[in-house]
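Summary of the model geometry
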Amino acid sequence: MGRGFYISKTVAVTCLVATAGVLATIIGLTVLYAQERSKNAELLPTTAGPSTTSAASTTPSGPKEPWDYYRLPETLSPVLYNITLWPRLTPNADDLYIFIGNSRVVFRCVIETDLILIHANQLNLTKFDGFYAKLNSLYGEAAPTLKKTWLEVPTQYLVVQLNDPLQPGRFYELYTEFVGELSDDFGGFYRMEYFENNVKKIVASTQMQPTDARKAFPCFDEPAMKAIFHVTLIHPQGTVALSNAINYDPVNITMNGESFIQTSFEPTEIMSTYLLAFIVCDFAYIGTNPDAAIRIWARRKAIEEGQGNYALEKTGLILAFFENYYNTSYPLKKSDQIALPVFGAGGMENWGLIIYGETALLYNPGVSSNGEKEWVATVISHELAHMWFGNLVTMRWWNDLWLNEGFATYVSYLGADYAEPDWNMKDLIVLNEIVSVMSVDATAYSHPISSKEEEILRPDQIIELFDSITYSKGAAVLRMLSDFITETVFSKGLHTYLEEFEYNTTGNKDLWKHLQMAVDKAGIALPHSVEVIMNRWILQMGFPVVTINTQTGEITQEHFLLDPESVVDTPSQFKKIMVMMPIVIKLIIIANIFFHLATNAELVLGGSDWLVANVNMTGFYRVNYDETNWERLIAKLISNHQEIPVINRAQIIDDAFNLAKAKIVETTLALRMTTFLNKEVEYMPWETAKRNLNYFFLMFDRSELYGPMQAYIKKQVTPLFHYFQNLTVNWTKMPAKHTDQYNQINAISMACSSGVESCRELTSGWFKEWMNNPAVNNINANLKSTVYCNAIAAGGKAEWDFAWEMHRNTTIASEAEKLMLALSCTKEPWLLNRYLQYCLDPEKIRKQDVSYTFIYIARNPIGQPLAWDFIRANWDYIINEYGRGSISLASIINGLTERFSTEYEYKQLDQFKEEVQAKLGSADVTFDPMLERTKANINWVALNKKPLSDWLISQTSGI
């Protein structure tokens, strides 16, 4: 470990292993494991041939030993773990928090070997007669004796060499004792600190995914190495211990003269190591009656305030939906969900014990916004979807992570839609996932959804896969597939897939096989097999732009890139780089009539007819048209925009802006697509326009174009502002419709930022009322973020100091986040500089919030140069004090350089790249995409500044 600490021999704790039961389980699972491990044989090294070439090589050339490979050999297969852990929630004499533990792992020998490789990382192992482990045979005979043991740090193994080989088909038990640091790095078995009533509280929690179970105990830490887990936790009086399974009755014990509680748990279902979880805390719960099979855990005060009620109400509904959708019963006896005050992600799908950040599980009707309520519903739905897809059936290796995450992302919208049928969640996936990931996938630095297994080996390579391509693009292509084979057929294919592979692992070919079976059974005719069609979406990066010429009926396609001059280095295995046209053009609208396309001749239009392809944006591609059809679409949007479906109104805007950025159409054409917005009141078109226009503001909010841009936005948004003023009876009530509540926020935010005077008076007045009576905040929860930001932007020190004080005192996580963002909205440079200084004080800004705070400040055009200078001046201090695990260096630099659009800024970034990489290497921050973006911004500004200026002036000259 980086910091040493005294290692004493661990306290022996009795571990209950019922031998007869274990052997029965082992025998029952032997065939399953042997079959599963044999599938990986071609990629995994064996002790018989360590010098053969392997995908897992770690050096350019030379002989390899088995422990030099990042992948485990196929020689052993785990069956059962018996783990006892004792987290110490107070620091030891060296001021370190530690945990003490022991583990027994029962495994089966598959191929004769004299070597045991098992993952162990940052654990101080106790030696027995000079060895780090003990080995026993479960057959009563003597096990092979140990020859040598050591820790192979680069590949994170405990290596155990034997004097004689293990025998195939035999079962053995490896015993280890260890001490680990209960650090605050959010990986493995870690501690989480928070303050309640000015008292520091400690929670011991876990985050095993993807490769940190090995930091908690020695284990075969790969997804396919499924096993059963027996867990025992020793914890302080006044705390509760939770794990994946139901606990037995806790017992009081005495350890070193102190009184503790020992809690043991029923054996888990067979599962992967990354799904194991255990927590020690003093939380309370609210549960279903009579058996509390569903429990929502959180800080006692949060539970007492009813913040877990919404999650409890919706969890049962969503579980019932998925049981019906998968046609498979929930596999476990209980579902615990726990909200931690500090958590590194939205949620983690540990089987039976799902861990969330507070904002993803808790909802306070008086404080939380409609958007936060939606976030809770979708995250719960996402994690519950994993209970089947990911947990019951797991991807064989991390290269197919999208099978877990892309699928859970897609069906999370279905589950949330069932729980909240008035929200139109099936439509909102377009904005929340599809549109946003298209901008990522349209760059030369994207990657395929599914990688080759041999390309993903090291932990850092695995972590890189947890990105929007895996989650959002994975969801998008599954939504597309579900649409063209129908949701019913899709669901039936999932049922047989889950039925065949339950408690096992799979690859994408297995899913395609079962969906094909369902397609065949339903009699659906496809131009090619499901696998052939879908491989072109998952095995190559990017997506097409489909061009339809309504004068000739011709349809063409090409790889869509936002920067047409960028070079794609990622090779494609397909000669036709894009997709099959019959799937792309499935459904079109011609003059408000829906058509299933039969021939290209039907695309030839006459008169005033117009055409829209990719109805409801079910396909993952962009659409371009001939100039005549674009003009007819503009005319239709202006004359009667409601004839075009609302999703397609958003799609037309988004396609036009992105095609313009790619130099396929004129930028002024994209802007003309927004001229109808002064008559539009729906959320999706407005939100899409706002996101795309944000790029224009990033490029020009420091230039003379800012005035004309602001005037144009004011002209377009003023009718929307008045629409919501009337709808809400002069702002005295909230709109009933879910998306109207979102669009009301857009109306106020854009009206205030563009200078609508009555808007500024409105938001500042609401904020002043709160300042005059801090105990009573009458600002509607939905509007708080935009009201706080605009009031602080229009105010000065008094407003900022008040918001800071409220931020410090609130116990509601979502309220703290709103205020943290709003504090970055001030236009006073000295206040922004003070806020930047606060980022270096963990007592003021929590470590996990530092990245967000820097980025928020950089979004402010006044704050951006201040943040850029501050980061460069304090870079060494930030790295040394916060470490690379506490903050996201790449996200900080990405956020700080979004506005870069001059040669001077490009040179600054390039120089900073050289300085950083000289100290850290290239693994921490990849600067090339940011440099590429800056160069693209420079070119875009040079090309578009003059025509944009002319167009904006022509649109606003009469104002």
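Residues numbered from 1 in each chain as written. Predicted model: local features only at pLDDT ≥ 70, side-chain atom pairs only at ≥ 80, totals over all residues. Heavy atoms only, no water.

Next up on the list: the overall build of the protein. Looking only at helices and strands, the protein features 30 helices and 28 strands. Expressed as a percentage of its 959 residues, the buried residues of the protein come to 60%. (Helix = DSSP H or I, 4+ residues; strand = E, 2+ residues; numbered from the N terminus. Buried < 20%, exposed > 50% of the residue type's maximum accessible area, 1.4 Å probe, protein only.)

Here we take up the sheet that holds strand β20 (residues 353-357). Pairing in this open sheet of five strands is mixed, and the strands run β16-β17-β18-β20-β19 from one edge to the other. Of all the strands in the sheet, just β16 (284-287) and β19 (347-348) have a single pairing partner and so form its edges. Sheet analysis places β19 next to β20, joined by two bridges and oriented antiparallel. For G347, the partnering residue across the bridge sits in β20 and is Y356. Across the face of the sheet, helix α5 (residues 370-385) comes into contact with β18 (335-340), β19 and β20 while running at roughly 150° to β20. (Pairing = 2+ DSSP bridges. Contact = heavy atoms within 4.5 Å. Axes fitted to C-alpha atoms, helices over the stretch in contact; angles between N-to-C directions.)

Moving on: the UniProt feature "binding site: Zn(2+)" (unreviewed entry) in the protein. UniProt records the feature "binding site: Zn(2+)" (unreviewed entry) at H382, H386 and E405, using the numbering of this structure. The named residues occupy 24 residues along the chain; their greatest pairwise C-alpha distance, 8.5 Å, places them in one compact cluster. In this structure, H382 sits in helix α5. Assessed through its relative accessible area of 11%, H382 is described here as buried. Setting aside anything within four residues of it in sequence, one finds H382 in contact with E405, A408, T409, S412 and Y471. You can see H386 is positioned in the loop between α5 and β21 (393-395). H386 sits in the buried class, given a relative accessible area of 0%. Each residue touching H386, except ones within four places of it in the same chain, is listed here: E349, N391, L392, N404, E405 and A408. Separated by 3.2 Å, the side chain of H386 and the backbone oxygen of F389 make a polar contact. (UniProt positions renumbered as here; feature names shortened; annotations may be inferred. Polar contact = N/O pair within 3.5 Å; in protein donor to acceptor, adjacent residues only side chain to side chain.)

Remark: helix α17 (residues 683-700) packs on helix α30 (residues 928-956), axes separated minimally by 11 Å, with the N-to-C direction vectors making an angle of 100°. The orientation of α17 with respect to α30, classified from their angle, is roughly perpendicular. The segment α17 lies against α30, with Y695, F696, M699 and F700 engaging N937, W940, V941, K945 and L948. For the contact of α17 with α30, the per-class residue count stands at seven nonpolar, one polar and one charged. (Parallel < 35°, antiparallel > 145°, perpendicular 65-115°, else oblique. Nonpolar A, V, L, I, M, F, W, Y, C, P; charged D, E, K, R; others polar.)

Bringing the sheet that holds strand β3 (residues 113-119) into the picture now. The sheet built from three strands is open, its strands ordered β3-β7-β6 with antiparallel pairing. Edge positions in the sheet fall to β3 and β6 (146-152), since each of these pairs with one other strand and no more. Sheet twist, expressed as the mean angle between neighbouring strand axes with direction ignored, is 20°. Note that β6 and strand β7 (residues 157-166) share six bridges and pair antiparallel. Of the residues in β7, the one forming a bridge with K148 is Q161.

The next subject is the environment of D510. Topologically, D510 is positioned in helix α11 (residues 508-522). Residue classification places D510 among the buried positions, given a relative accessible area of 16%. Expressed as a C-alpha distance, the spacing of D510 and Y497, which sit 13 residues apart in the sequence, is 7.4 Å. With near-sequence residues (within four places) excluded, D510 lies in contact with R396, Y497 and F501.

Turning to the side chain of T853, a few remarks are in order. Topologically, T853 is positioned in helix α25 (residues 850-859). Dropping the residues within four chain positions of it, T853 is found in contact with M820, Y835, C839 and I845.

Another point: the packing of α25 against helix α28 (residues 889-896). For any two helices packed against each other, the geometry comes down to the angle between their axes and how far apart the axes lie. Between α25 and α28, the least distance of the axes is 8 Å, while the angle of their chain directions is 5°. It follows that α25 is roughly parallel to α28 by the angle criterion. Residues S851, F854, I855 and A858 of α25 pack against S891, I892, G895 and L896 of α28. For the contact of α25 with α28, a count of residues per class yields five nonpolar, three polar and no charged.

So, about the pairing of strand β2 (residues 98-109). Most of β2 is tucked away: eleven of the twelve residues are buried. Across eleven bridges, β2 lies against strand β8 (residues 171-181) in antiparallel orientation. Each residue of the ladder has a partner; that of S103, found in β8, is T176.

Okay, the pattern of salt bridges next. Taken as a whole and judged by the stated rule, the model has 45 salt bridges. A salt bridge links E258 to R88; its shortest N-O distance comes to 3.7 Å. Of this pair, E258 sits in strand β14 (residues 258-264) while R88 sits in the loop between β1 (76-87) and β2, and the two are 170 residues apart along the sequence. Between K768 and E799 there is a salt bridge, with its nearest N and O atoms 2.9 Å apart. A residue pair is termed long-range when its members are at least 10 positions apart, and K768 in helix α20 (residues 757-772) and E799 in helix α22 (residues 797-809) qualify at 31 residues. A relative accessible area of 40% places K768 in the partly exposed class. According to the relative accessible area criterion, E799 is buried, its value standing at 10%. One salt-bridge network, held together by shared partners, links E196, K201, D282, R299 and E358. (Salt bridge = Lys/Arg side-chain N within 4 Å of Asp/Glu carboxyl O.)

Bringing the pairing of β7 into the picture now. Among the ten residues that make up β7, seven are buried, leaving the element largely enclosed by the rest of the structure. When β3 meets β7, the two strands line up antiparallel, connected through six bridges. Looking at the pairing, I116 lines up with V160 of β7. Linking β6 back to β7 in an antiparallel pair, the connection comprises four residues, with Q156 at a positive phi of about 60°.

On to the environment of E828, then. Secondary-structure assignment places E828 in the loop between α23 (813-822) and α24 (829-838). Here E828 falls in the partly exposed class, since its relative accessible area comes to 32%. Spatially, the C-alpha atom of E828 lies 9.7 Å from that of W800, the residues being 28 residues apart in sequence.

It is worth spelling out the state of the cysteines at this point. Here the structure, examined in full by the defined rule, presents two disulfides. The residue that forms a disulfide with C789 is C825, at a sulfur-sulfur distance of 2.0 Å. Between C789 and C825, the S-S dihedral sits near -100°, and the bridge is therefore left-handed. Residue C789 is found in helix α21 (residues 784-794), and its partner C825 is found in the loop between α23 and α24; the two are separated by 36 residues along the sequence. By relative accessible area, which is 24% here, C789 ends up partly exposed. (Disulfide = S-S within 2.5 Å.)

Take the confidence of the model for the protein next. The share of residues in the protein with pLDDT of 70 or more is 89%, and the mean pLDDT across the chain is 88. Low pLDDT, under 50, characterises residues 580-586; the stretch is placed with 26 contacts to residues that sit more than four places away or in other chains. (pLDDT = per-residue confidence, 0-100.)

Within the structure shown, the criterion is met by 61 aromatic pairs. Ring geometry for F99 and F189: centres 5.1 Å apart, planes at 55°, overall tilted. In this pair, F99 sits in strand β2 while F189 sits in strand β9 (residues 188-196), placing the two residues 90 residues apart along the sequence. F189 carries the same exposure label as F99, and that label is buried. Cation over ring: K148 sits above W150, and NZ or CZ is 5.0 Å from the ring centre. (Phe/Tyr/Trp six-rings, centres within 6.5 Å; stacked < 30°, edge-to-face > 60°. Lys NZ or Arg CZ within 6 Å of the ring centre and 35° of its normal.)

At the junction of Q209 and P210, the peptide bond is cis and its omega measures out at 0° in the coordinates. With respect to the helices and strands, P210 occurs in the loop between β10 (199-207) and β11 (228-236). Its identity as a non-glycine residue notwithstanding, N616 has a phi of 60°, on the positive side. Note on placement: N616 falls in the loop between β27 (611-613) and β28 (622-625).

Right, let's talk about α21 for a bit. Counted residue by residue, α21 has eight buried out of eleven residues, so it is predominantly covered. Buried within α21 we find K784, T786, V787, Y788, N790, A791, I792 and A793. Summarising the contacts, the buried residues of α21 are in contact with α19 (738-753), α20, α22 and α23.

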